[in-house]
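# Structural characterization, general
So the chains spell out like this:
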Amino acid sequence: MKIYELVKTQVIDSSIDNVFDFFAKPENLKKITPEKLSFNIITPTPITMDKGTVIDYTIRLFGIQVHWRTLITMYDPPHEFIDEQIKGPYNFWHHNHKFKEVEGGVEISDKVNYSIPMGVFGRVLHFFWIKRDLEKIFLHRKKIIENIFDKNSPGGNQGHERNS
């Protein structure tokens, strides 16, 4: 099984508690996911994040709704958590989220290790589409996160507020 890795890092001008609190609310995933994926949480909300939390949601790939289930396998607020796919479009998905105080704010690091099904065809699909699509998804996510936490934008730095 071929394992791929995606690593993304950004610095946000906010406190580690505000940033972690935003990411600790699975409901906020919809805010940072491109609309074309039709992301929808099907686990009843609000969801309390902790080790052992299972989150079910759907996304749309190639016009087909796909059920994705993740398990929080590690939870260390406000520094780190890991979600792993139990059911979904990948053979393997391990997403490590790290948060570290740095000069200028908080460094957010995402490290995703994943494997594609379908053998050689999956590798070709990864080369021509999946890798680029993941890059676009994380670029979109970066821009939205910057906007949410930008103190100078309308409604900026509101990541710490709870959804009603």
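Residues numbered from 1 in each chain as written. Predicted model: local features only at pLDDT ≥ 70, side-chain atom pairs only at ≥ 80, totals over all residues. Heavy atoms only, no water.

### Quick look at the packing of aromatic side chains
Here is the rule: Centres within 6.5 Å make a pair out of two Phe, Tyr or Trp rings, where for Trp the six-membered ring is used; the pair is then stacked when the planes are under 30 degrees apart, edge-to-face when over 60, and tilted otherwise. Counting from the N terminus, the helices are DSSP H or I runs at least four residues long and the strands are E runs at least two residues long. Exposure classes here rest on a 1.4 Å probe applied to the protein chains alone. A residue is buried below 20% of its type maximum, exposed above 50%, and partly exposed in between.
Taken as a whole and judged by the stated rule, the model has 17 aromatic pairs. When the ring of phenylalanine 20 is compared with that of phenylalanine 81, the centres are 6.0 Å apart and the planes differ by 85°; the resulting orientation is edge-to-face. Of the two residues, phenylalanine 20 is situated in helix 1 (residues 16-23) and phenylalanine 81 in strand 5 (residues 80-87); the sequence distance between them amounts to 61 residues. Each member of the pair, phenylalanine 20 as well as phenylalanine 81, carries the same accessibility label: buried.

### Re the nonpolar core
Condition: By nonpolar core is meant a set of buried Ala, Val, Leu, Ile, Met, Phe, Trp, Tyr and Cys residues that side-chain atoms within 4.5 Å join together.
Formed by 38 residues in total, the largest nonpolar core has its most connected members in Val19, Phe23, Tyr90, Phe99, Tyr114 and Leu134. Of all the secondary structure elements, the ones that give two or more residues to this core are strand 1 (4-12), helix 1, strand 3 (54-61), strand 4 (64-76), strand 6 (92-102), strand 7 (105-115) and helix 3 (119-149). Among the elements that line this core, the one with the most residues is helix 3, at seven residues.

### Notes on the environment of serine 115
Rules: Contacts were defined at the residue level, with two residues in contact if any of their heavy atoms lie within 4.5 Å. Within 3.5 Å is the distance limit for a polar contact, defined as a pair of N or O atoms, with the added protein rule that one can donate a hydrogen and the other accept it, and that residues adjacent in sequence qualify only through two side-chain atoms.
Summarising the element assignment, serine 115 is placed in strand 7. Each residue touching serine 115, except ones within four places of it in the same chain, is listed here: Met1, Lys2, Ile3, Tyr90, Asn91 and Phe92. A polar contact is formed between the side chain of serine 115 and the backbone oxygen of lysine 2, at a distance of 3.1 Å.

### Here we look at the side chain of aspartate 83
Put simply, the test is: The positive count covers Lys and Arg only, the negative count covers Asp and Glu only, and His and the chain ends enter neither. Any carboxyl oxygen of Asp or Glu that lies within 4 Å of a side-chain nitrogen of Lys or Arg is treated as forming a salt bridge with it.
When you line up the elements, aspartate 83 lands in strand 5. Despite its burial, aspartate 83 pairs with no opposite charge; the closest candidate is arginine 141, at 7.1 Å N-O.

### Topic: the confidence of the model for the protein
Note the cut-off: Scored between 0 and 100, pLDDT is the confidence that the predictor attaches to each residue.
Confidence in the prediction of the protein, expressed as mean pLDDT, is 91, and 91% of residues score 70 or more. Across residues 152-164, where pLDDT falls below 50, the model places 22 contacts with residues more than four positions away in sequence or in other chains.

### Re the packing of helix 1 against helix 3
Let me state the cut-off plainly: Convention adopted: a line fitted to C-alpha atoms gives each axis, helices being fitted over their contacting stretch, and angles between N-to-C directions are expressed from 0 to 180 degrees. Roughly parallel covers angles under 35 degrees, roughly antiparallel covers those over 145, roughly perpendicular covers 65 to 115, and oblique covers all other angles. Here a crossing is called left-handed whenever its near helix is offset anticlockwise from the far helix by less than a right angle, and right-handed whenever the offset is clockwise. Under this grouping Gly is polar, as are all residues other than the nonpolar Ala, Val, Leu, Ile, Met, Phe, Trp, Tyr, Cys and Pro and the charged Asp, Glu, Lys and Arg.
At their nearest, the axes of helix 1 and helix 3 sit 12 Å apart, and the two run at 130° to each other. The angle between the axes of helix 1 and helix 3 places the two elements in the oblique class. Handedness of the helix 1/helix 3 crossing: right-handed. Of the residues in helix 3, those in contact with Asn18, Val19, Phe22 and Phe23 of helix 1 are Arg141, Ile145, Ile148 and Phe149. Partitioned by chemical class, the residues of the contact of helix 1 with helix 3 number six nonpolar, one polar and one charged.

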